[in-house]
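# Architecture at a glance
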Amino acid sequence: MTKKLPEWTDYRFFLEIPTRWMDNDIYGHVNNVTYYSYFDTVVARFLLGTGAINLVDSPVIGVVVETQCRFHAPIAFPDAVTAGLRVERVGNTSIRYGIGIFREAGQQVSAEGHFVHVYVDRATQRRPTPLPDVLRQAATAILVP
(Lines give C-alpha, C1' and ligand atoms only; values in the text may rest on other atoms or scores of the structure.)
Protein backbone atom coordinates (compact mmCIF):
# COMPACT_ATOMS: atom_id res chain seq x y z
CA MET A 1 0.00 0.00 0.00
CA THR A 2 1.36 3.42 -0.96
CA LYS A 3 1.32 6.15 1.63
CA LYS A 4 -0.99 9.05 0.75
CA LEU A 5 1.01 12.20 0.10
CA PRO A 6 0.17 15.27 2.16
CA GLU A 7 -1.94 17.89 0.42
CA TRP A 8 -2.09 21.67 0.60
CA THR A 9 -5.07 21.48 2.96
CA ASP A 10 -3.03 19.45 5.47
CA TYR A 11 -1.04 22.58 6.42
CA ARG A 12 -2.04 25.71 8.36
CA PHE A 13 0.72 28.30 7.76
CA PHE A 14 2.28 29.12 4.39
CA LEU A 15 5.38 30.97 3.28
CA GLU A 16 6.45 31.65 -0.28
CA ILE A 17 10.18 31.19 -0.78
CA PRO A 18 11.88 32.11 -4.06
CA THR A 19 14.47 29.72 -5.41
CA ARG A 20 17.87 31.10 -6.31
CA TRP A 21 20.18 30.20 -9.18
CA MET A 22 22.70 28.88 -6.66
CA ASP A 23 20.10 26.46 -5.24
CA ASN A 24 20.34 24.29 -8.36
CA ASP A 25 22.88 21.51 -8.46
CA ILE A 26 24.76 20.13 -11.44
CA TYR A 27 21.69 18.04 -12.34
CA GLY A 28 19.56 21.15 -12.86
CA HIS A 29 17.29 20.93 -9.83
CA VAL A 30 17.28 22.28 -6.30
CA ASN A 31 19.88 20.41 -4.26
CA ASN A 32 18.59 18.27 -1.40
CA VAL A 33 20.35 20.30 1.32
CA THR A 34 18.36 23.38 0.26
CA TYR A 35 15.11 21.73 1.33
CA TYR A 36 16.36 21.70 4.91
CA SER A 37 16.96 25.43 4.58
CA TYR A 38 13.32 25.80 3.48
CA PHE A 39 12.25 23.79 6.56
CA ASP A 40 14.29 26.00 8.88
CA THR A 41 13.04 29.17 7.18
CA VAL A 42 9.33 28.41 7.44
CA VAL A 43 9.60 27.36 11.10
CA ALA A 44 11.64 30.45 12.01
CA ARG A 45 9.31 32.83 10.14
CA PHE A 46 6.30 31.29 11.87
CA LEU A 47 7.86 31.60 15.32
CA LEU A 48 9.06 35.16 14.75
CA GLY A 49 5.80 36.25 13.10
CA THR A 50 3.68 35.01 15.98
CA GLY A 51 5.98 36.54 18.59
CA ALA A 52 6.56 33.08 20.09
CA ILE A 53 10.32 33.54 19.89
CA ASN A 54 12.50 36.63 20.02
CA LEU A 55 15.98 36.06 18.62
CA VAL A 56 17.60 38.50 21.04
CA ASP A 57 16.18 37.71 24.44
CA SER A 58 13.75 34.77 24.52
CA PRO A 59 14.47 32.70 27.63
CA VAL A 60 14.39 29.50 25.52
CA ILE A 61 15.81 28.55 22.14
CA GLY A 62 14.89 25.66 19.87
CA VAL A 63 17.57 23.09 19.11
CA VAL A 64 16.95 20.80 16.16
CA VAL A 65 17.21 17.19 17.32
CA GLU A 66 15.60 15.41 14.38
CA THR A 67 14.74 16.16 10.78
CA GLN A 68 13.64 14.14 7.78
CA CYS A 69 12.78 14.90 4.17
CA ARG A 70 11.12 12.76 1.49
CA PHE A 71 11.42 13.92 -2.09
CA HIS A 72 8.56 13.38 -4.55
CA ALA A 73 9.09 15.76 -7.49
CA PRO A 74 11.92 18.07 -8.55
CA ILE A 75 12.00 21.84 -8.14
CA ALA A 76 14.36 24.11 -10.07
CA PHE A 77 15.28 27.78 -10.31
CA PRO A 78 13.34 30.02 -11.09
CA ASP A 79 10.41 28.27 -9.38
CA ALA A 80 8.84 30.04 -6.43
CA VAL A 81 8.03 27.42 -3.83
CA THR A 82 5.58 27.57 -0.99
CA ALA A 83 6.38 25.91 2.31
CA GLY A 84 3.37 24.66 4.23
CA LEU A 85 3.71 24.23 7.98
CA ARG A 86 1.74 22.40 10.62
CA VAL A 87 2.47 21.24 14.14
CA GLU A 88 2.14 17.49 14.55
CA ARG A 89 2.91 17.23 18.26
CA VAL A 90 3.30 19.61 21.18
CA GLY A 91 5.19 18.11 24.11
CA ASN A 92 6.34 19.55 27.41
CA THR A 93 9.72 20.71 26.04
CA SER A 94 9.48 19.91 22.33
CA ILE A 95 7.49 20.54 19.18
CA ARG A 96 7.34 18.41 16.04
CA TYR A 97 6.69 20.49 12.92
CA GLY A 98 5.46 18.96 9.66
CA ILE A 99 6.52 20.72 6.47
CA GLY A 100 5.38 20.37 2.87
CA ILE A 101 7.23 22.02 -0.01
CA PHE A 102 5.03 22.84 -2.98
CA ARG A 103 6.21 23.98 -6.40
CA GLU A 104 2.88 25.68 -6.99
CA ALA A 105 0.16 26.62 -4.53
CA GLY A 106 -2.48 23.94 -4.24
CA GLN A 107 -0.56 21.40 -6.31
CA GLN A 108 1.00 18.09 -5.30
CA VAL A 109 3.71 18.22 -2.65
CA SER A 110 7.24 18.11 -4.09
CA ALA A 111 8.88 17.25 -0.75
CA GLU A 112 7.63 16.64 2.76
CA GLY A 113 9.17 16.02 6.10
CA HIS A 114 9.42 16.99 9.72
CA PHE A 115 11.57 19.02 12.05
CA VAL A 116 11.75 18.54 15.84
CA HIS A 117 12.80 21.33 18.17
CA VAL A 118 13.66 20.65 21.78
CA TYR A 119 13.52 23.94 23.65
CA VAL A 120 16.39 24.59 26.02
CA ASP A 121 17.42 27.30 28.44
CA ARG A 122 19.15 30.05 26.46
CA ALA A 123 21.88 30.56 29.07
CA THR A 124 23.02 26.92 29.28
CA GLN A 125 21.77 25.73 25.87
CA ARG A 126 21.61 22.26 27.37
CA ARG A 127 18.75 21.89 29.81
CA PRO A 128 15.34 21.13 28.20
CA THR A 129 12.88 23.75 29.37
CA PRO A 130 9.07 23.70 29.41
CA LEU A 131 7.53 25.59 26.53
CA PRO A 132 6.57 29.18 27.41
CA ASP A 133 2.83 29.82 27.17
CA VAL A 134 3.15 32.07 24.11
CA LEU A 135 5.07 29.36 22.24
CA ARG A 136 2.63 26.64 23.28
CA GLN A 137 -0.33 28.80 22.15
CA ALA A 138 1.27 29.56 18.77
CA ALA A 139 2.07 25.89 18.16
CA THR A 140 -1.37 24.71 19.24
CA ALA A 141 -2.99 27.15 16.78
CA ILE A 142 -1.57 25.18 13.83
CA LEU A 143 -1.75 21.70 15.41
CA VAL A 144 -2.97 19.00 13.05
CA PRO A 145 -3.10 15.69 14.93
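The notes below deal with the structure included here. Along every chain, residues carry numbers that run from 1 in the direction the sequence is written. Totals for whole chains, interfaces and linings use every residue, but because this is a predicted model, local features are given only for residues with pLDDT of at least 70 and side-chain atom pairs only at 80 or more, for both listing and counting. Derived side-chain values reflect all non-hydrogen atoms in the structure, with water molecules and hydrogen atoms excluded from consideration.

## Concerning the pattern of salt bridges
By convention in these notes, a salt bridge is any Lys or Arg side-chain nitrogen within 4 Å of a carboxyl oxygen on Asp or Glu. In the structure shown here, the tally under the stated rule is seven salt bridges. Across the pair Glu112 and Arg70 runs a salt bridge, and its minimum N-O distance is 3.7 Å. Highlighted residues: Glu112 in strand 5 (residues 109-121) and Arg70 in strand 2 (residues 60-71), separated in sequence by 42 residues. Residue classification places Arg70 among the partly exposed positions, given a relative accessible area of 36%. Residue Glu88 pairs with Arg96 through a salt bridge whose shortest N-O separation is 2.7 Å. Per-residue accessibility, obtained with a 1.4 Å probe over protein chains only, is compared with the maximum for each type, and a residue is labelled buried under 20%, exposed over 50%, and partly exposed between these values. Overall, the relative accessible area of 24% leaves Glu88 in the partly exposed class. Among the residues examined, Arg96 registers a relative accessible area of 29% and is labelled partly exposed. It is possible to trace a salt-bridge network through shared partners that takes in Glu66, Arg86, Glu88 and Arg96. Here a strand is any run of E in DSSP of at least two residues, a helix any run of H or I of at least four, and the numbering for each starts at the N terminus.

## A few points about the packing of aromatic side chains
Note on ring pairs: Phe, Tyr and Trp rings are taken, using the six-membered ring of Trp, and paired if centres are within 6.5 Å. Classes follow the plane angle, with under 30 degrees stacked, over 60 edge-to-face and the rest tilted. The final tally for this structure, using the stated rule, is nine aromatic pairs. Judged by centre distance (4.3 Å) and plane angle (10°), the rings of Trp8 and Phe14 are stacked. Three or more aromatic residues link up through ring pairs in this structure, and these residues are Trp8, Tyr11, Phe14 and Phe102.

## A look at the side chain of Asp23
Topologically, Asp23 is positioned in the loop between strand 1 (13-18) and helix 1 (32-50). What makes Asp23 buried here is its relative accessible area of 3%. Nitrogen and oxygen atoms within 3.5 Å of one another constitute a polar contact, given that in protein one can donate a hydrogen and the other can accept it, and given that sequence-neighbouring residues count only through two side-chain atoms. Within the structure, the side chain of Asp23 is placed 2.8 Å from the backbone nitrogen of Arg20, a separation counted as a polar contact. Setting aside residues no more than four positions away along its own chain, Asp23 makes contact with Pro18, His29, Val30, Asn31, Thr34 and Tyr38. Should any heavy atoms of two residues lie within 4.5 Å, those residues are considered in contact.

## A few points about the environment of His72
Inspection of the secondary structure assignment puts His72 in the loop between strand 2 and strand 3 (80-90). Among the residues examined, His72 registers a relative accessible area of 33% and is labelled partly exposed. Aside from chain neighbours lying at most four places away, what touches His72 is Leu5, Val109, Ser110, Ala111 and Glu112. In this structure the side chain of His72 is engaged in a polar contact, spanning 3.2 Å, whose partner is the side chain of Glu112.

## Observations concerning the nonpolar core
Leu47, Tyr97, Ile99, Ile101 and Tyr119 are the most contacted members of the largest nonpolar core, which totals 31 residues. At seven residues, helix 1 tops the list of elements feeding residues into this core. Those residues in contact with Leu47, other than ones at most four positions away along the chain, are Ala52, Ile53, Tyr97, His117, Tyr119 and Leu135. Take the buried Ala, Val, Leu, Ile, Met, Phe, Trp, Tyr and Cys residues and link them wherever side-chain atoms come within 4.5 Å; each set so joined is a nonpolar core.

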